[in-house]
Amino acid sequence: DAGITQSPRHKVTETGTPVTLRCHQTENHRYMYWYRQDPGHGLRLIHYSYGVKDTDKGEVSDGYSVSRSKTEDFLLTLESATSSQTSVYFCAISQEEGSSYNSPLHFGNGTRLTVT
Amino acid sequence: TQLLEQSPQFLSIQEGENLTVYCNSSSVFSSLQWYRQEPGEGPVLLVTVVTGGEVKKLKRLTFQFGDARKDSSLHITAAQPGDTGLYLCAGAPRNAGNNRKLIWGLGTSLAVNP
């Protein structure tokens, strides 16, 4: 299994508080992604990174920011958590980005976030 | 908006039965991936299909990519309780085969009862 660790695995927080989720990989893969998974919506890309300090938005980036200061770590921050951000968050990595055939996604085991 | 529709949404069968799940779109994909996700875990890649009409087998699982590369199916022979999980398909749009452009289906939740 690809070495991907997400922390925390579970978190409950209050509306309006900032929250940071961490993804750590030991595979030295260049590309890292943050997804959220919700019933009726499936997996949706929040942000991704194509290198240290190189990030870009996905389809549901509003209310989220990311940082990547080292190859192995990709942080997702909810600047001011809202109830609509209650979800399961997955980090994924891939070695290459140009061809999904040659470089599929490897996922972490997720963080279940509840915003009350 | 490109969509991938998976059917059925839920499936509950007895051990030993055969089943087929479908992933359909009106769009053409350069490749299509199938993942399985177990409760509390992330999706795990099963297979990627690239060529129209391609058939790939993984033990009791048979994957097929439609001739026009708009749809795919997953057939499981003699299902086992260990096959239980959420099956997801993800398509790479034509001319945009990179991972950040993947289109995800909502999944088929399969329960195989002993």
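Structure first, text after, so check above.
About the thresholds
- Residues numbered from 1 in each chain as written.
- Chains lettered and ligands numbered in written order.
- Predicted model: local features only at pLDDT ≥ 70, side-chain atom pairs only at ≥ 80, totals over all residues.
- Heavy atoms only, no water.
- Helix = DSSP H or I, 4+ residues; strand = E, 2+ residues; numbered from the N terminus.
- Rg over C-alpha atoms; globule rule 2.2 N^0.38 Å.
- Buried < 20%, exposed > 50% of the residue type's maximum accessible area, 1.4 Å probe, protein only.
- Contact = heavy atoms within 4.5 Å.
- Buried area = accessible area lost by both parts, 1.4 Å probe.
- Polar contact = N/O pair within 3.5 Å; in protein donor to acceptor, adjacent residues only side chain to side chain.
- Nonpolar A, V, L, I, M, F, W, Y, C, P; charged D, E, K, R; others polar.
- Core = buried A, V, L, I, M, F, W, Y, C linked by side-chain atoms within 4.5 Å.

Colleague: Whenever I open this one, the overall build of chain A confuses me. Can you help?
Modeller: Broken down by element type, chain A carries zero helices and eleven strands. Mapped from its N terminus to its C terminus, chain A presents α and β elements in the order β-β-β-β-β-β-β-β-β-β-β. The globule rule puts the C-alpha radius of gyration for 116 residues at 13 Å, and the 13 Å found for chain A is close to it. If one aligns the C-alpha atoms of chain A with their principal axes, the spans along those axes are about 40 × 30 × 25 Å. Each of the 116 residues in chain A was classed as buried or not, and the buried ones make up 47%. Pairs at least 24 residues apart make up 56% of the contacts formed inside chain A by residues separated by at least 6 positions.

Colleague: Whenever I open this one, the interface of chain B and chain A confuses me. Can you help?
Modeller: Interfaces are often sized by the amount of accessible area the parts lose when they come together. Contact residues are listed per partner, giving 22 residues for chain B and 24 residues for chain A. For the chain B and chain A pair, buried surface summed over both sides reaches about 1,700 Å², with 54% attributable to carbon and sulfur atoms. Among the residues chain B hides against chain A, the three largest losses belong to Asn-99, Arg-100 and Trp-104 of chain B. Together they make up 36% of the total. Where chain B meets chain A, there are five residue pairs in polar contact (both at pLDDT 80 or more). Contributions of two or more residues to the side of chain B that touches chain A are made by strand E4 (29–37), strand E5 (44–49) and strand E9 (85–93) of chain B. By residue number, the principal contributor to the side of chain B that touches chain A is E4 of chain B, which donates four residues. Its residues placed into classes, the side of chain B that touches chain A shows ten nonpolar, nine polar and three charged.

Colleague: Would you mind showing me how to read the nonpolar core here?
Modeller: One recurring pattern in soluble globular proteins: nonpolar side chains tend to sit buried together. If you look at the biggest cluster of nonpolar residues, it comprises 22 residues, and the most contacted ones within it are Leu-32, Trp-34, Leu-74 and Ile-76 of chain B. Going through the elements one at a time, strand E3 (19–24), E4, E5, strand E7 (61–65), strand E8 (71–76), E9 and strand E11 (108–113) of chain B are the ones with two or more residues in this core. In terms of nonpolar packing, the next biggest core, distinct from the first, is built from 19 residues, Leu-76, Leu-78, Leu-113 and Val-115 of chain A among them.

Colleague: Mind showing me how you'd approach the environment of Leu-61 of chain B here?
Modeller: Residues and elements named next belong to chain B. You can see Leu-61 is positioned in strand E7. On the accessibility criterion, Leu-61 (6% relative accessible area) is buried. For the pair Leu-61 and Pro-114, spaced 53 residues apart in the sequence, the C-alpha separation amounts to 19 Å. Each residue touching Leu-61, except ones within four places of it in the same chain, is listed here: Leu-46, Lys-56, Leu-74, His-75, Ile-76 and Asp-83.

Colleague: Can you help me understand the side chain of Asp-83 of chain B in this one?
Modeller: Within the fold, Asp-83 of chain B resides in the loop between E8 and E9. In contact with Asp-83 of chain B, not counting residues within four places along its chain, are Arg-36, Arg-60, Leu-61, Ile-76, Leu-110 and Val-112 of chain B.

So, to be careful, I would describe these as geometric facts and stop short of saying anything about function.
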